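# Breakdown of the fold
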Amino acid sequence: MIKLKDLQYLIAVDDFKHFGQAANACHVSQPTLSGQIKKLEEQLDLQLIERHNKGVMLTAAGEALIQQARDILQKVNQFEQSAQALHDPFAGDLHVGLIPTLAPYLLPKIMGELNQQLPDIDFYLHEDKTHILLERLHKGEVDCLILPYMDTMKTLDCFDLFKEPLTLAVSKDHQLASKAVVNFDDLKGQEILALEDGHCLREQTMGYCFAAGAEENQQFRASSLETLRFMVSVNTGITVMPELAAKADHSANLCYIPFDESAPKRRIVLVVRSNTSRFPLMRKMVSLIKTIFN
């Protein structure tokens, strides 16, 4: 009979493409992991792994079976969560994913209340780019995500939390620094500093900026909002900054200017798989977070 542990080992090898790293992730020795996968291959009478000097990779047979292995482990995890929820839907581990342009500014505002109101939940927080978090959610590696809504989330269940306005960040020496409010036309001809590809904030803001006639600085792309702040502070360009991040900064070298009624906004949502067994807990979290921002 095939053991669930063997499927876990196979998935880990596929994820890491390295026996040693896969074994560390599964908290077993490398010989144990390698031996169990060998037994699985013998049991199935199929070679699942190609072993070579530079690492490992799945064979065609392994590729054909790996998604089923992932689906099986996800179903088992959902079964365990459903059983636990029958005892207490507001207890146990909860893995939450957030993006880097939101996590450091949102978490200090919500975690105190969540920990106080949900004392039997052990929160595990994961920070990564949107596409990686969505992949991990589909795999069952995280339970929910808190991030800006995108059209790629249509197949998931999304709960609205709040809308976050975006503001214009400029150096105190910039020509726009004296304005109390900026509008669409103020961006025309301006040089915009932006995040690198993979950040959903880039996609959400650059369309607005380009439509206004702004131009992107092609010689620089930041990996974080903090890097953008430093570059803007020395007047190498301007950028669009989420309101939570702007409020968390007290630099004397930067000015944060709100847009007029045309202001772009991020729709922040809590995202879960449609078949999750933890809807009561998710609804409670949504209610608590909405209360904080209303």
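Because the structure is predicted, anything quoted here is derived from the model rather than measured.

### Overview of the pairing of strand β3 (residues 92-98)
Of all seven residues in β3, five are buried; the element is thus mostly enclosed. In terms of strand pairing, β3 meets strand β4 (residues 121-127) through seven bridges, oriented parallel. Its bridge partner being in β4, D93 is matched across the sheet by D122. Between β3 and its parallel partner β4, the chain crosses via helix α5 (residues 103-117), and the hand of that crossover is right-handed. As paired strands, β3 and strand β5 (residues 144-148) are joined by three bridges and run parallel to one another.

### Brief notes about the packing of helix α1 (residues 4-16) against helix α2 (residues 19-26)
Two elements in contact, α1 and α2, have axes whose closest approach is 8 Å; the angle formed by their N-to-C orientations is 130 degrees. Between α1 and α2, the angle is such that the two are oblique. Viewed along their axes, α1 and α2 form a crossing whose handedness is right-handed. Residues Q8, Y9, A12, V13 and F16 of α1 touch α2, and the partners they reach there are F19, Q21, A22, A25 and C26. When its residues are assigned to classes, the contact of α1 with α2 shows eight nonpolar, two polar and no charged.

### Structural notes on the packing of aromatic side chains
Applying the stated criterion across every chain yields a total of four aromatic pairs. Seen from their ring centres, F162 and F293 are 4.0 Å apart, and the 10 degrees between their planes marks the pair as stacked. Taken together, the residues span a long stretch of sequence, with F162 in strand β6 (residues 157-171) and F293 in helix α10 (residues 279-293) at a distance of 131 residues. Looking at F162, the relative accessible area reads 11%, which means it is buried. Residue classification places F293 among the partly exposed residues on the basis of a relative accessible area of 26%. Pairing F184 with Y208 gives two aromatic rings, centres 5.3 Å apart and planes at 85 degrees, and the pair type is edge-to-face. Of this pair, F184 sits in the loop between β6 and β7 (191-195) while Y208 sits in helix α7 (residues 200-211); the two residues are 24 residues apart in sequence, bridging distant segments of the chain. An aromatic cluster of at least three residues, connected via ring pairs, comprises F184, Y208 and F259.

About the thresholds
- Residues numbered from 1 in each chain as written.
- Predicted model: local features only at pLDDT ≥ 70, side-chain atom pairs only at ≥ 80, totals over all residues.
- Heavy atoms only, no water.
- Buried < 20%, exposed > 50% of the residue type's maximum accessible area, 1.4 Å probe, protein only.
- Helix = DSSP H or I, 4+ residues; strand = E, 2+ residues; numbered from the N terminus.
- Pairing = 2+ DSSP bridges.
- Right-handed = clockwise from strand over helix to strand, strands pointing away.
- Axes fitted to C-alpha atoms, helices over the stretch in contact; angles between N-to-C directions.
- Parallel < 35°, antiparallel > 145°, perpendicular 65-115°, else oblique.
- Left-handed = near helix turned anticlockwise from the far one by under 90°.
- Contact = heavy atoms within 4.5 Å.
- Nonpolar A, V, L, I, M, F, W, Y, C, P; charged D, E, K, R; others polar.
- Phe/Tyr/Trp six-rings, centres within 6.5 Å; stacked < 30°, edge-to-face > 60°.

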